[in-house]
Amino acid sequence: MSDSSDCIIDSLFTRTFGSRNFSEKLEIIKTGRPTPNLNLKTEVKDGQRRYFRSFRSEWYTEVVWLCGCSHIQKLFCWPCFLFSTKVDDPFVRSGVTDMGNYQNLKARHDKSVAHVQSMVDLVKFGKSRVDIGISKPYHDEIAKHNKEVTENRYILKCLIDVTCHLAQQEIAFRGHDEKADSQNKGNYVELLNLLALRDDKLAHHLENSTVFTGTSKTIQNELIECISKVVVDEIKSEIRQAKFVSIMLDESVDISKKSQLSITVRYIPESDEHQVVERFIRYFDVSSERNASNLYDVVQKFIQEFEIGEKLIAQTYDGAAVMAGQHNGLQKLISDTYKQAQFVHCYAHQLNLVLKQSVDAIRECRIFFETLSGFATFFSTSSKRTSCLDEVVQRRLPSASATRWNSNSKLVSVMSLVKEDLCYVFNIIMNDADTWDSGTRASARGFLHHLQEFNFNFLLATFEKIFAQSTLLFDLFQLKIFDIQAATTKLEEFKTFLSNFRNKFDEVYGKVLDAVSKVTNEPKRRRAAGELPEVQEHRRLFYQIIDTVQMQVSERFAEIAKLEYLALLDAKKFEVYSTKFPENLFRALMAHPHGKNFDSAKLRSQLLVTYDSTDLRGLTIHGLYKYLMSSGLSVALSEVVKLCNLIITIPVTSASTERSFSALKRIKTALRSTQGEERLSGLTVLSIEKKLLRQLREKPDFYDRVIQEFLKKTRRMDFIYR
């Protein structure tokens, strides 16, 4: 077997076979398929028996289309690698490394229509050129054709660049009137015309082309579809290499009243960054049926398309019954099919419900927040009042939301900061009858009374302390890199804070009493009379608030107990674990469906070494994973690396999915409400995954991949080299 031509695989990844001229193609085919010896080995489990299957060089003789690359250590199909456009077949672009499944993959590939066609194309390519080597006119015709193709591809690249730019910036493509005499033909055409001012080739094409101008709405849609397909194919390629995958789902109604189901995946790709990513995939219109069964069919189709069934370790949704129902919800249907798919109720939604239901359960708290929201409403409903607020306070009050309690947290924080300035504003309004009407002055008098009232200030001070911690927790839950182990730790810290804060009633009460007495000049008689009924009532209210929040936290996050094994990689406890191995946590992992991913004996040994290593103590789970991957310890501690990967991949929140709805509102507006699902999903992919798109555009084969997708439909303009 020879590997003299092995570098051709790398070369064809950089510059595809289809983008080369005839002489280069002929030389590649004459050289033949590369057949290097590969060091491929896969562990196979057969019941209790474990063994390895390795690559055998005799396969090159047995399978006439098989080739390999020693640089990336993968197997490919030589005819398909040259001619096929079916990128989801591992023998075509991603390569095969799984020796345990090699025979099945080979048999399936051998029967595919695309493979048979590629075999035919390879044979015909060689035979059809045998008799033309001596024909100079034919060579001249080929050269002329290839020159035209180069020019045509240049124009198509310009169209691709414009499409990428508009999609990344979330700018509308089309105009209301795109006729030749229109003053505004839409951003797509106008941007092409702008580029044509500095590009003679593009200008000549736009002015003289009658076959393919590339400005029609159909071409725009197809380019969006092709570019987004390349991005999604790249995501599929990353997922195939990832060890574990989680899915996050959420549903929202768009401007045209369609119910859109958004799917996002979380995984760690094989890259030098060793960083978890969350990728948006697409929207699914589920307007006709929004029940759990229909959603399951949609998700199941997605899982099968991306081939993540064996890797699916977690599913994260909000608390809607159709999604999170324990008996008939989507999460139950998914869990029944994929036992490893642990359901994680979005922590951000959980925390929001903790705060909302804690307040709703206490009458005094409900009245307090209704009053608090009234301050923001008083100023926001009048530009004149807002101007006064801007002039005196120089800060506006954030609007409160009945469902998103993080907004109430911001309002409490701002009110605490500007309380004295607001008193001054209300005094100005009350005492200026010439400027303000009687209704406004009466409202100002009422709000001023609340600001000087002890009960209002007491609740403001109490919730300011609680919200300061909950907001920090809420913000952490929104981070993509925040893992479930860190979330569990922070929740325990929040519980500890509540327990400690419960003992600080006297401190809070005293500070509020001082502040109110200073403003109202009221005697401080309450401080000495600690047993007065009003003090006892405030003490009762204070304890009730703390106890209710604690109870809600414990109930809402009770599912954490099922993931107690997360503490196995709590680096703060490594020193303790080094003297006493956490047997109960280890058994919990092995008993969990996730335990089937690990070799029990290997993991135990590697954990013992990990706990004894002083270099690894105190690291976060992300820090530990990056250290193991970058230091070369990933082979020696492979099971620990796998456990890190699994824990990091489990999502804490569905925030990324909710962010996709922000993009949905920017892309599908009242003026752009009629676009189809494919265009909408394509534009959203290019907008949300703009970082990945930029990385792909830096690769030399990006345009070839897009053009390859574009040429799956018959075109009236030549883009294929002979």
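Data block above holds the structure.
Residues numbered from 1 in each chain as written. Predicted model: local features only at pLDDT ≥ 70, side-chain atom pairs only at ≥ 80, totals over all residues. Heavy atoms only, no water.

## Some remarks on the overall build of the protein chain
The condition is simple: In this description a helix means any DSSP run of H or I spanning at least four residues, a strand means any run of E spanning at least two, and both kinds are numbered starting from the N terminus. Categorising residues by exposure relies on relative accessible area from a 1.4 Å probe, with only protein chains included: less than 20% of the type maximum marks a residue as buried, more than 50% marks it as exposed, and the intermediate range marks it as partly exposed. Here a residue-residue contact requires only that any non-hydrogen atoms of the pair lie within 4.5 Å. What sets the accessible areas is the Shrake-Rupley method with a 1.4 Å probe; for residues, cover comes only from the shown protein chains. The charge count includes Lys and Arg as positive and Asp and Glu as negative, but it does not include His or the ends of the chains. A charge is said to be at NZ when it belongs to Lys, at CZ for Arg, at CG for Asp and at CD for Glu.
Within the protein chain, the secondary structure is distributed over 32 helices and nine strands. Counting only C-alpha atoms, the protein chain reaches 110 × 80 × 45 Å along its principal axes. Residues counted as buried form 51% of the 722 residues belonging to the protein chain. Excluding contacts between residues fewer than 6 apart, the proportion of contacts in the protein chain whose partners are at least 24 apart in sequence is 70%. Of the roughly 34,800 Å² of accessible surface on the protein chain, a fraction of 50% belongs to carbon and sulfur atoms. For the protein chain, the distance from the average site of its 100 positive side-chain charges to the average site of its 91 negative ones is 1 Å.

## With respect to the pairing of strand β7 (residues 277–285)
To be explicit about the condition: Only strands that DSSP links by at least two bridges are regarded as paired with each other.
Of all nine residues making up β7, seven are buried, and the element is well covered by its neighbours. Sheet topology note: the strand β6 (residues 259–267)/β7 ladder contains eight bridges and is antiparallel. Counted as the bridge partner of T264 is F280 from β7.

## Quick look at the packing of helix α10 (residues 217–241) against helix α32 (residues 702–710)
The cut-off we apply is this: Note on definitions: angles span 0 to 180 degrees between N-to-C directions of axes, and those axes are lines fitted to C-alpha atoms, for helices only across the stretch in contact. Every angle not falling under 35 degrees, over 145, or within 65 to 115 is termed oblique; those three ranges are roughly parallel, roughly antiparallel and roughly perpendicular. Each helix crossing is assigned a hand: it is left-handed if the near helix lies turned anticlockwise from the far helix by less than a right angle, otherwise right-handed if that turn is clockwise. All residues other than Ala, Val, Leu, Ile, Met, Phe, Trp, Tyr, Cys, Pro, Asp, Glu, Lys and Arg, Gly among them, are scored as polar; the first ten of these are nonpolar and the last four charged.
Running from amino to carboxyl end, α10 crosses α32 at an angle of 120°, the nearest separation of the two axes being 9 Å. Judged on the interaxial angle alone, α32 and α10 are oblique. Between α10 and α32 lies a crossing whose hand is right-handed. The residues of α32 that touch α10, namely those facing I219, E222, L223, C226, I227, K229, V230, D233 and E234, are F702, R705, V706, E709 and F710. For the contact of α10 with α32, the residue count by class is eight nonpolar, no polar and six charged.

## Examining the nonpolar core
The condition that has to hold: Residue types Ala, Val, Leu, Ile, Met, Phe, Trp, Tyr and Cys, when buried and joined through side-chain atoms within 4.5 Å, form a set referred to as a nonpolar core.
Among the nonpolar cores identified, the biggest contains 108 residues, and Y347, L397, M415, L422, F426 and L569 are the most heavily contacted of them. Ranked by the residues each element gives to this core, the list is headed by helix α19 (residues 454–477), at twelve residues. Once residues lying within four places of it in the same chain are set aside, the contact partners of Y347 are F477, I484, A487, T488, L491, F557, I560, V652 and T653.

## Quick notes on the environment of Y721
To keep things clear, this is the line we draw: N or O atoms within 3.5 Å of each other form a polar contact, as long as, within protein, one can give a hydrogen and the other can take it, and as long as residues adjacent in sequence are counted only when both atoms are side-chain atoms.
Along the chain, Y721 falls in the segment after α32. Taking the C-alpha atoms as reference points, Y721 and R153, separated by 568 residues in sequence, lie 10 Å from one another. Apart from residues lying up to four places away in sequence, Y721 is in contact with G18, S19, R20, K25, N146, V149, T150 and R153. Among the polar contacts listed, one links the side chain of Y721 to the side chain of T150, at a separation of 2.9 Å.

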